[in-house]
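Structure assessment
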Amino acid sequence: MEKIDCLIIGSGPAGYTAAIYASRANLSPVLYEGIQPGGQLTTTTEIENFPGFPEGITGSELMEKMRSQAERFGADIRTGIITDVDFSGNVHKVIVDGEQEIEAKCVIISTGASAKYLGLADEQRYMGMGVSACATCDGFFYRRKTVAVVGGGDTACEEAIYLAGLAKKVYLIVRKPSLRASDIMQKRVLETDNIEVLFEHETLGLFGENGVEGARLLKRRGQIDEQEVEIAIDGFFLAIGHHPNSDVFKKFVETDELGYIKTIDGTPKTNIEGVFAAGDVADPHYRQAITAAASGCRAAIEVERYLKTK
Ligand code: NDP
């Protein structure tokens, strides 16, 4: 069985930043990339709000740069998925791809979160060509255009309000006759002139030649006045929630009711000694590349301190 000091799980900005810091601290970290090498950012287009890139940078390029920076200092970056863990002892055991066992003194969980999609084939077809699950990342491309946001929770309201500041018009597509969001967010949405809430609408599909040009919706499914309608849009934003990728750790690591890993007093420490969490898997609030990177740095510093005390 392989024995290491520092295992990093996940290859988004949190994981790679942790790898940069841990390798520069001579901890010889091993990083497993997981299901989506480079993480969520590889599904977005241009990133314009990551400091240091005044001209912008694509998500994939940014992640490639972080990866090579980690490799430059000796991080051992591997392809593989952690399929099981045992955090019951003093050292932490993980299983890679259902077969290989590794023992690590410290583990940084930076497995991120995945946006939920409706499951329509058109979402895949127009991914990066009008379909997005991150208004902060992609909203800028829809200045003075028309977009739709799907969802009725706080995230959807927040994204709709954000987009309303950029776009000409925003449709909010809500499956129920009411919003689930907090009162204050509902009020803001309803008072924003260029947001039109389409209650009791479901999305059937998207259409367009070289990108999204419109959506086909079903109004009041199953009712006597059920009706198919089309709206002309340039962008289609999903805001129906995220899944933190914490399932495999839940037997040992405490999470909140939504599955986000609980950390102690604003540090990356979890309830298990030597197990740390960084990035979106422990962050339901900010979910930005820069905040994830910062928490990866903090986790690596905690690992270094922890190993020194042991
Ligand atoms: P929520 O789970 O609160 O809301 C998800 C929304 O998406 C619901 O309106 C739900 O509809 C809708 N939805 C889910 N699946 C589908 C589907 N298949 N088709 C159509 N609609 C669908 O997620 P959020 O991400 O909005 O929020 C997560 C948590 O984070 C919440 O606790 C929220 O309060 C919090 N939050 C707080 C913020 C703030 O305070 N500013 C900002 C963002 C999030 P339905 O209502 O019909 O189930």
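These numbers were taken from a predicted model, which means no experiment stands behind them.

**Considering the domain arrangement of the protein chain**
The domain architecture assigned to the protein chain consists of domain 1 (2-114 + 242-309) and domain 2 (117-238). Computed from C-alpha coordinates alone, the two centres of domain 1 and domain 2 are separated by 32 Å. Contact residues are listed per partner, giving seven residues for domain 1 and seven residues for domain 2. For the domain 1 and domain 2 pair, buried surface summed over both sides reaches about 640 Å², with 50% attributable to carbon and sulfur atoms. On inspection of domain 1 and its partner domain 2, the count reaches zero salt bridges. In terms of residue class, the side of domain 1 that touches domain 2 is made up of no nonpolar, four polar and three charged.

**Details of the side chain of E302**
Summarising the element assignment, E302 is placed in helix α7 (residues 289-309). Here E302 is buried and forms no salt bridge, its nearest opposite-charge partner K269 lying at an N-O distance of 4.1 Å. Setting aside anything within four residues of it in sequence, one finds E302 in contact with P268, K269 and F276.

**Concerning the sheet that holds strand β11 (residues 146-150)**
An order of β10-β17-β11-β12-β13 is seen for the five strands of this open sheet, with the pairing classed as parallel. Both edges of this open sheet fall to β10 (131-132) and β13 (195-198), since each of them pairs with a single strand only. As defined by bridge partners, β10 adjoins strand β17 (residues 235-238) across two bridges and the pair is classed as parallel. Looking across to β17, one finds that S132 is bridged to F237. Contacts between helix α5 (residues 154-164) and the sheet are confined to β11, β12 (169-173), β13 and β17, with β11 contributing the most and set at about 170° to the helix.

**What to know about helix α2 (residues 59-72)**
Here α2 contains 14 residues, and its C-alpha end-to-end distance of 20 Å stays within 8% of the 20 Å for a straight helix at 1.5 Å per residue. Within α2 the residues assigned to the buried category are G59, L62, M63, M66, R67 and A70. The buried residues of α2 occupy an angular sector of 135° when the element is viewed end-on, so they sit on one face. On its buried face, α2 is in contact with α1 (13-24), β3 (46-47), β4 (57-58) and β5 (76-78). With its phi angle positive at about 100°, G74 sits one or two positions after the end of α2.

**Quick word on the packing of α1 against α7**
Helix-helix packing is described using two parameters, namely the angle between the two axes and the distance between the axes. Two numbers describe how α1 lies on α7: the axes approach to 7 Å, and their chain directions differ by 35°. Here the hand of the crossing between α1 and α7 comes out right-handed. Touching P13, A14, T17, A18, Y21 and A22 of α1 are A289, A292, A293, S295, G296, C297, A300 and I301, all from α7. Of the residues that constitute the contact of α1 with α7, the class distribution is 11 nonpolar, three polar and no charged.

**Considering the site of the ligand**
With respect to spatial proximity, the complete set of residues near the ligand consists of L118, G151, G152, G153, D154, T155, E158, R175, K176, R180, I240 and G241. The contact in question runs from an oxygen atom of the ligand to an N or O atom on the side chain of K176, over 3.3 Å. Look at the ligand: alone it shows 910 Å² of surface, and the protein chains cover 68% of it. Each residue belonging to the shell around the ligand can be placed in one class, and the counts come to two nonpolar, five polar and five charged.

**Here's the deal with the packing of aromatic side chains**
For the structure on display, the rule yields five aromatic pairs. Relative to F237, the ring of Y142 has its centre 5.4 Å away and its plane inclined at 80°; by these criteria the two rings are edge-to-face. Here the residue Y142 occupies a position in the loop between α4 (135-138) and β11, and F237 occupies one in strand β17, the gap between them amounting to 95 residues. On the accessibility criterion, Y142 (11% relative accessible area) is buried.

**Points about the state of the cysteines**
Counted by the stated rule, this structure contains one disulfide. Note on cysteine connectivity: C134 is disulfide-linked to C137, with sulfurs 2.0 Å apart. When the S-S torsion is 75°, as for the bridge of C134 with C137, the disulfide is right-handed. According to the relative accessible area criterion, C134 is buried, its value standing at 17%. With a relative accessible area of 25%, C137 lands in the partly exposed category.

Each value, and the rule that gives it
- Residues numbered from 1 in each chain as written.
- Predicted model: local features only at pLDDT ≥ 70, side-chain atom pairs only at ≥ 80, totals over all residues.
- Heavy atoms only, no water.
- Domains from an automatic or database assignment.
- Contact = heavy atoms within 4.5 Å.
- Buried area = accessible area lost by both parts, 1.4 Å probe.
- Salt bridge = Lys/Arg side-chain N within 4 Å of Asp/Glu carboxyl O.
- Nonpolar A, V, L, I, M, F, W, Y, C, P; charged D, E, K, R; others polar.
- Helix = DSSP H or I, 4+ residues; strand = E, 2+ residues; numbered from the N terminus.
- Buried < 20%, exposed > 50% of the residue type's maximum accessible area, 1.4 Å probe, protein only.
- Lys, Arg positive; Asp, Glu negative; His and termini not counted.
- Pairing = 2+ DSSP bridges.
- Axes fitted to C-alpha atoms, helices over the stretch in contact; angles between N-to-C directions.
- Expected span 1.5 Å × (residues − 1).
- Arc of directions from axis to C-beta.
- Left-handed = near helix turned anticlockwise from the far one by under 90°.
- Near = heavy atom within 4 Å.
- Polar contact = N/O pair within 3.5 Å; in protein donor to acceptor, adjacent residues only side chain to side chain.
- Areas by Shrake-Rupley, 256 points an atom, 1.4 Å probe, with all protein chains shown as cover.
- Phe/Tyr/Trp six-rings, centres within 6.5 Å; stacked < 30°, edge-to-face > 60°.
- Disulfide = S-S within 2.5 Å.

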